[in-house]
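Residue-level structure breakdown
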Amino acid sequence: MPQGSAEAAPALAPREQLLFDFGWKFTFGNGVDPAKDLGFGFGQGDFAKTGDFKFAKAKFDDSKWRTLNFPHDWAVELPFVNDEEQNSHGYKPVGRRYPESSVGWYRREFDIPANDLGRRITIEFDGAFRDVFVFVNGCFIGRNNNGYAPFQFDLTDYLAYGAKNYIVLRVDASFGDGWFYEGAGVYRHVWLSKTDAVHLGKWESWVRPAVNGNAATLSLGTMVQNQGKGATTAKVSWKILDSKGATVATAEAAGQKIDVDGTASYAATAKLANPALWSVDEPNLYSAIVTVESDGKVRDAERVSFGVRTAEFTADKGFFLNGKALKIQGTCNHQDHAGVGAALPDRLQWFRLAVLREMGGNAVRTSHNMPTPEWVDACDRMGMMMMCETRQMSSTPEGLEQLATMVKRYRNSPSIILWSIGNEEFILQSEMAEQGAKIATTMVRLCHELDPTRQVSAAVNGNNEKGVSEPFEVIGFNYNLKFPEDYHKKNPTKPLYGSETSSAIGTRGVYTTDKLRNTVNSYDGVVPWGETAEEWWKFYGSRDWEAGGFAWTGFDYRGEPTPYGWPSINSQFGIVDMCGYPKDNFFYYKAWWGKEPSLHLFPHWNFEGREGDEIPVWVYTNLDEVELFVNGKSLGSKKVPHLEHVDWKVKFEPGSIEARGSKGGKVVLTEKRETTGPTTSIRMTADRTEINADGEDVTVLKVEGLDKEGRLVPTANNKIGFKVTGKGALIGVGNGDPNCQESDKEPRRSLFNGLAQVIIQSTKSAGEIQIEATKDGWDGPNLTPAKVVIATKQVQLRPAVPVPQQS
């Protein structure tokens, strides 16, 4: 299986799709003072004449600007500010009241070969936050004012061929789209696309498999656009490839005349015998090679990845994948990660999904916005189902355009089982219910026009009896377990699922709620409107008519620092922390969502100064029975209730606790917690010890504080420094502490309850990366250092726009 390290297949000739991420210059602008914003907006004549923006011309001096690569999130680099108005966005100084850190400028020189004349050349953004002005060669090209939907501009008429060109982006993050951390800047990939004047429409190709017994019929469609100088007749062909690259089917559509600036739609069908179905356990994929021919030559081609599968929500038996009942064991997730904010390298998407898969998760919800393409691709390839959600519940032209873009872009992805048109629009569910029903109906109709194969829903925090819920085929409930029970009785023919559930809270490795320290115990913390992991899954997991649900949230995320405010800077909803380190709840899900025997004992056994205090000891397991031992003495066995846990009250004394889990009368698993000594050494472990030398790939290092016996110290908070040499660089650090305000970018981080994380990215040169962890001069005991060596291997680089040579 691919490792998610930027190994995407190149575009098919004659098309070119060039990565435009490397070698940009960056500086801050200003949201209110034109004198500090490259003079932009100084008067009212900025747009009076085409070609008059000097900052996008050859002689402009950007020598003092910082050089960087995309993806880039400048918000994560900023200091924290104690401003409750910034609470939901992680206390970062971004917004209209922080004009000096809310506007950024990017600039890039690039060459366009003379032989590109006659082609269509487009710049494509996968996403940028948030209000982007694009200038090329002194000309204003266009503007996009949305933080999540991709956008593009045709540069063909504005380029100098056989010469140098200059592009400038002004990105203003003063306004937000959501109520959570959203980052700032060009935080997703940018591409330069070159096509023939006769070419396939953007995201207009689709494959709709229909399974019938041991065969499948593929409905195929696309659209061709003619931007040439004269009318032409074009035909389209399809070649279907299996996962090994073998041709398994072909199809053709007859030629059609296409006038200048016109389009034509094409359709065909193909048959697949004994298709390899896509599933969560076997995510089999096919490719459709779509080719356009005109005047006796290939004018354009593209590769469309798809899967063959059936997905059905039923009212009485829940969800079925390929005709088999399957509970949706899902999590909601925002898109940021420790150290890098919203600017995730592609490999981190795979890393995060692997964490969720490890606990038995089989689905994710893209809360609350159109996801990055690499997240969807990773779900397709790893076998993770998806509820794909747009940002705005709106039937305005802008809202519908965002929805259409999402559906078109991802309708071929087999992982997506459900479109979501919004989240918790309580006004449209209550006082504006009549308007809400109309808005939702328009959006559902558009989804079906573009993709008749999937059902449509939304995340609703109410009883679903009016408003936006009226046109939905599948009804999603956020919290309040009484609502779905009552709704099912009244509407027994409607399929139901939990669109957002739980909202359990906890601080990793902490077992006492302390409001002075902004921590929450890891046993049963939950917000007033939510349910513990056990409460919600006992409900959804034990009712056949419930399809399952999506817990809030898989990962902790910046902003919404529930249940506290300052100095907390991120939420504590996650089943894992911001680094992906499991909290104890993780093991509840692993026990009841996973397929293998599982046993997890907690808490740790380091309670110095609390000798004689009663400590709750819990075990999450899917075994039949658990016996607990304290310093070798049995405290007896307990039967494990279905979908629950077992627990004891134990008076603390240093030593050890041990759980022995049995099935069928035989001990199957054991786990022990020991009282450790102080931290004396550091251990670093890389998730991958060899990565690609492509300037994109990353390795994620787990940093642990150990005692002299080599045991993890579960309360360690030592300050650790990092030194990176060789063919790589540190791009982020974290530790999962929701109250930690240390820099995400400096080469140092304190341990939080024994753990920290370092993210290292390769350069484009093969060799080695050496990472050393030391005490780095901070106060505290001397620690035995650690060193890890990562090999970087030479690989075929993704086609990219060449970086100009520095003079």
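Reading the values: the criteria
Residues numbered from 1 in each chain as written. Predicted model: local features only at pLDDT ≥ 70, side-chain atom pairs only at ≥ 80, totals over all residues. Heavy atoms only, no water. Helix = DSSP H or I, 4+ residues; strand = E, 2+ residues; numbered from the N terminus. Rg over C-alpha atoms; globule rule 2.2 N^0.38 Å. Buried < 20%, exposed > 50% of the residue type's maximum accessible area, 1.4 Å probe, protein only. Contact = heavy atoms within 4.5 Å. Areas by Shrake-Rupley, 256 points an atom, 1.4 Å probe, with all protein chains shown as cover. Lys, Arg positive; Asp, Glu negative; His and termini not counted. Charge placed at Lys NZ, Arg CZ, Asp CG, Glu CD. Core = buried A, V, L, I, M, F, W, Y, C linked by side-chain atoms within 4.5 Å. Pairing = 2+ DSSP bridges. Axes fitted to C-alpha atoms, helices over the stretch in contact; angles between N-to-C directions. Parallel < 35°, antiparallel > 145°, perpendicular 65-115°, else oblique. Left-handed = near helix turned anticlockwise from the far one by under 90°. Nonpolar A, V, L, I, M, F, W, Y, C, P; charged D, E, K, R; others polar. Phe/Tyr/Trp six-rings, centres within 6.5 Å; stacked < 30°, edge-to-face > 60°. Lys NZ or Arg CZ within 6 Å of the ring centre and 35° of its normal. Right-handed = clockwise from strand over helix to strand, strands pointing away.

1. As for the overall build of the chain
Of regular secondary structure, the chain possesses eight helices and 45 strands. Over its C-alpha trace the chain gives a radius of gyration of 27 Å, about what one expects of a compact globule, namely 28 Å for 807 residues. For the chain, with 807 residues in total, the buried portion stands at 60%. A fraction of 70% describes how many contacts in the chain between residues 6 or more apart in sequence connect residues 24 or more apart. As presented, the chain carries roughly 31800 Å² of accessible surface, and 48% of it is formed by carbon and sulfur atoms. Distance between charge centres in the chain, computed from 90 positive and 102 negative side chains, equals 3 Å.

2. Side note on the nonpolar core
In this structure, W419, I421, F472 and Y589 are the most contacted members of the largest nonpolar core, which totals 91 residues. Apart from the residues lying within four places of it in its own chain, the contact partners of I421 are T390, Q392, M393, L403, A440, M443, V444, C447, V456, S457, A458 and F472. Grouped together as the second largest cluster of nonpolar side chains are 43 residues, F26, L78, C139 and Y181 included.

3. Section: unusual backbone geometry
Geometrically, the link from F129 to R130 is a cis peptide bond, its omega value of 10 degrees lying close to zero. Relative to the elements of secondary structure, R130 occurs in the loop between β5 (120-125) and β6 (131-136). F602 connects to P603 through a cis peptide bond whose omega is 15 degrees. Residues other than glycine seldom take positive phi values, yet D295 does so here, at roughly 55 degrees. With a relative accessible area of 64%, D295 lands in the exposed category. You will see that N464, though not glycine, has its phi angle at about 65 degrees, which is positive. Inspection of the secondary structure puts N464 in the loop between β26 (455-460) and β27 (475-478). Of the residues examined, N464 reaches a relative accessible area of 6% and is grouped as buried.

4. What about helix α2 (residues 373-382)?
Counting buried residues along α2, eight of its 10 residues qualify, which places the element largely inside the surrounding structure. All of the buried residues along α2 are P373, E374, W375, V376, A378, C379, D380 and M382. Against the buried residues of α2 lie α1 (346-358), β23 (363-366), β24 (385-389), α3 (397-410) and β25 (416-423). Phi turns positive one or two residues past the end of α2, at G383, with a value near 85 degrees.

5. Let's talk about the pairing of β5
Across a regular strand the side chains alternate sides, sitting on one face of the sheet and then on the other. Of all six residues that make up β5, six are buried, and the element is covered over most of its length. Where burial is concerned, the two faces of β5 agree: the one with R120, T122 and E124 and the one with I121, I123 and F125 are both buried. Sheet topology note: the β5/strand β10 (residues 190-195) ladder contains six bridges and is antiparallel. Across the sheet, residue I123 finds its bridge partner in β10, namely L192. Both β5 and strand β8 (residues 151-154) contribute to a ladder of four bridges, which runs antiparallel.

6. Remarks on the packing of α3 against helix α5 (residues 433-450)
For the pair α3 and α5, interaxial distance at closest approach is 10 Å and the crossing angle is 30 degrees. As far as their axial angle goes, α5 and α3 are roughly parallel. Handedness of the crossing formed by α3 with α5: right-handed. Residues L400, L403, A404, V407 and K408 of α3 touch α5, and the partners they reach there are T442, M443, L446, C447 and L450. Each residue belonging to the contact of α3 with α5 can be placed in one class, and the counts come to eight nonpolar, one polar and one charged.

7. Some details on the sheet that holds strand β40 (residues 719-726)
Spatially, five strands are ordered β38-β45-β44-β40-β42 in an open sheet, and the strand pairing comes out mixed. Only two strands of the sheet have a single neighbouring strand rather than two, namely β38 (690-692) and β42 (748-750). Between one strand and the next, the sheet's axes are offset by a mean angle of 25 degrees, whatever the strand orientation. Two elements, β38 and strand β45 (residues 786-793), share three bridges in a ladder whose sense is parallel.

8. A word on the packing of aromatic side chains
The full count for this structure, using the stated rule, is 57 aromatic pairs. The interplanar angle of 85 degrees and the centroid separation of 5.0 Å between the aromatic rings of F55 and F135 together place this pair among those described as edge-to-face. Separated by 80 residues along the polypeptide, F55 in the loop between β2 (24-28) and β3 (66-68) and F135 in strand β6 bring together distant segments of the chain. Here the two residues F55 and F135 agree in accessibility, since each one is buried. Ring geometry for F125 and F151: centres 4.6 Å apart, planes at 10 degrees, overall stacked. Of this pair, F125 sits in strand β5 while F151 sits in strand β8, and the two are 26 residues apart along the sequence. Comparing F125 with F151 shows no difference in burial state: the two are buried. Taking NZ or CZ as reference, R558 lies 5.6 Å from the ring centre of Y181, over its face. Sitting over the face of the ring of F629, R660 holds its NZ or CZ atom 3.8 Å from the ring centroid.

9. A word on the sheet that holds β3
A sheet is described by the order of its strands in space; here six strands give the open sequence β3-β2-β4-β9-β6-β7, paired in antiparallel fashion. Of all the strands in the sheet, just β3 and β7 (139-145) have a single pairing partner and so form its edges. Neighbour-to-neighbour, the strand axes of the sheet open up by a mean angle of 25 degrees, direction not taken into account. Pairing between β6 and β7: six bridges, direction antiparallel. Bridge pairing links V134 to G142 in β7.

10. A few points about the packing of helix α7 (residues 533-541) against helix α8 (residues 585-593)
Axis separation between α7 and α8 bottoms out at 11 Å; the angle between their running directions is 20 degrees. For the element pair α7 / α8, the angle class is roughly parallel. When you trace α7 past α8, the crossing you get is right-handed. Residues A533, E534, W536 and W537 of α7 form the contact with α8, whose own contacting residues are N585, Y588, Y589, W592 and W593.

11. Examining the pairing of β23
Of the two faces of β23, the one lined by A363 and R365 and the one lined by V364 and T366 are each fully buried. In this structure, strand β22 (residues 328-333) lies alongside β23, joined through four bridges in parallel fashion. The residue of β23 that forms the bridge with G330 is A363. One crossover worth recording links β22 to the parallel β23 by way of α1, and it is right-handed.

Everything listed here is a matter of geometry and, on its own, says nothing about what the molecule does.
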